[in-house]
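The primary structure of each chain is shown beneath.
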Amino acid sequence: MRCQFIGSSAKSIHLSNFCISSAFEDNGLVNYTASRPAKFRKAVFLCCDHDFSKFAAFLIQQIAEKHPTADFDICLCSEDKIELPASLAQLPVRLCQIRIQDTIAQAPVSERINAASYLRLLLPSAFAADYDRILYLDADIFLIGGDLSRLLEVELLAGHPIAAVRTSHQRNKMRRLMPEFKKLRMTPAPYFNAGVLLIDVPRWEGTETLSRALKVISDHPDALVMHDQSVLNLVFRGRWSELSVVWNWMYSGRFSYMIEACDPFLIHFAGRMKPWNTLTGEFPPKYPNAYRDFFLQHYPEAAAQMPVPKSIFAAPKFHKKSLLKQWYDFNRFMPYMTRFDDPYCAVDPDV
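Turning our attention to the side chain of Gln229. Relative to the elements of secondary structure, Gln229 occurs in helix α8 (residues 228-235). Of the polar contacts made by the side chain of Gln229, one reaches the side chain of Tyr191; its length is 3.3 Å. Residues contacting Gln229, with those up to four places away along its chain left out, are Tyr191, Phe192, Asn193 and Ala194.

Written as structure tokens, this is what we have:
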């Protein structure tokens with residue numbers, strides 16, 4: 001394979017001369033192009049479309065700053081042509097493009113979830129020759145701390161291809177029956193949020209995961225209420241290891257005031273409310289201010305669309321309701337939180 005490196009122009013860095021590779025699956029070729037060859041055998045991946053790339057760039061900069069001697073690649077993957085401002089040319093990022101297969105292109109989407117969300121299903125097959133371990137992160141995540149290199153080395157339970165964090169909907173009721181399982185007349189089972197996935201690539205490939213995922217999309221589109229997350233939970237039902245909630249703290253009014261007590265490493269703004277589109281007091285200003293400062297430096301047009309965030313005291317009803325919910329849930333939440341003595345150790349979600 002012949003590889004050429006891209007350079008940076010005065011205006012942007014983009015994918016122009018690629019390293020080209022592919023991986024074979026029963027359903028055909030999973031092709032990708034990349035701006036540089038792989039350097040390490042493990043990688044952190046983000047997937048997005050062009051519109052969401054500025055939020056991915058924010059997280060990538062956070063990762064690079066907190067891991068200056070990283071022993072993993074940082075990859076930004078999209079079906080679109082990815083462009084980053086020249087001011088971010090120093091980011092140690094491997095820009096990748098991957099073709100979305102026809103089955104995935106026909107998968108259910110919504111106003112907030114488009115086909116780019118399904119790209120994570122293709123990563124292990126496409127990059128199996130490059131990486132043994134992949135840590136997938138949603139682009140709407142805020143990095144607080146933690147050692148991603150250590151996380152990439154966490155031992156998974158025998159036979160489990162992935163590790164993930166339980167959905168917030170099961171934190172206070174761990175046997176809650178989730179909608180996908182209910183639609184398919186399945187019994188309750190542990191269910192994970194797909195915003196953070198630790199993937200053992202050889203195990204993923206050895207169990208024909210991509211073929212199974214494509215079959216779920218084809219056979220059960222009505223059950224995919226959470227889109228690609230539904231697919232993954234159906235494919236890995238009973239076959240995933242559970243990570244501590246510190247690796248995927250789902251930010252919501254129901255758990256917002258427990259953040260300091262639980263000290264999470266990754267905060268996931270997974271709902272409709274984001275710290276760049278909800279600036280009326282629902283978020284502590286430190287989150288929207290961090291995005292606004294980043295945009296001012298690298299995406300001035302996006303910064304111009306963000307007003308100065310208001311104090312939390314501008315949204316008293318939201319925070320009073322939030323406090324009441326957390327007071328009510330606290331006792332039910334404790335058994336879940338006490339399951340994790342070591343954030344760098346995966347546990348059995350059924351125990």
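Turning our eyes to something else, we now look at the packing of helix α1 (residues 53-66) against helix α10 (residues 286-298). Where α1 meets α10, the axes come as close as 11 Å, and the angle between the chain directions of the two elements is 105°. When the interaxial angle is binned, α1 and α10 end up roughly perpendicular. Two secondary-structure elements touch here, α1 through Lys54, Phe55, Ala57, Phe58 and Gln61 and α10 through Ala290, Tyr291, Phe294, Phe295 and His298. Taken together, the residues that form the contact of α1 with α10 break down as seven nonpolar, two polar and one charged.

Below, the discussion takes up the pattern of salt bridges. Here the structure, examined in full by the defined rule, presents 15 salt bridges. Connected through salt bridges with shared partners, the residues Lys42, Asp71 and Glu153 form a single ionic network.

What follows covers unusual backbone geometry. Unlike most non-glycine residues, Arg185 shows phi in positive territory, near 60°. Along the chain, Arg185 falls in the loop between α5 (179-183) and β11 (192-200). On the basis of relative accessibility, which here comes to 80%, the residue Arg185 falls in the exposed class. One non-glycine residue, Asp263, adopts positive backbone phi at about 50°. On the secondary structure map, Asp263 appears in the loop between α9 (259-262) and β14 (266-268).

Basis of the calculations
- Residues numbered from 1 in each chain as written.
- Predicted model: local features only at pLDDT ≥ 70, side-chain atom pairs only at ≥ 80, totals over all residues.
- Heavy atoms only, no water.
- Helix = DSSP H or I, 4+ residues; strand = E, 2+ residues; numbered from the N terminus.
- Polar contact = N/O pair within 3.5 Å; in protein donor to acceptor, adjacent residues only side chain to side chain.
- Contact = heavy atoms within 4.5 Å.
- Axes fitted to C-alpha atoms, helices over the stretch in contact; angles between N-to-C directions.
- Parallel < 35°, antiparallel > 145°, perpendicular 65-115°, else oblique.
- Nonpolar A, V, L, I, M, F, W, Y, C, P; charged D, E, K, R; others polar.
- Salt bridge = Lys/Arg side-chain N within 4 Å of Asp/Glu carboxyl O.
- Buried < 20%, exposed > 50% of the residue type's maximum accessible area, 1.4 Å probe, protein only.

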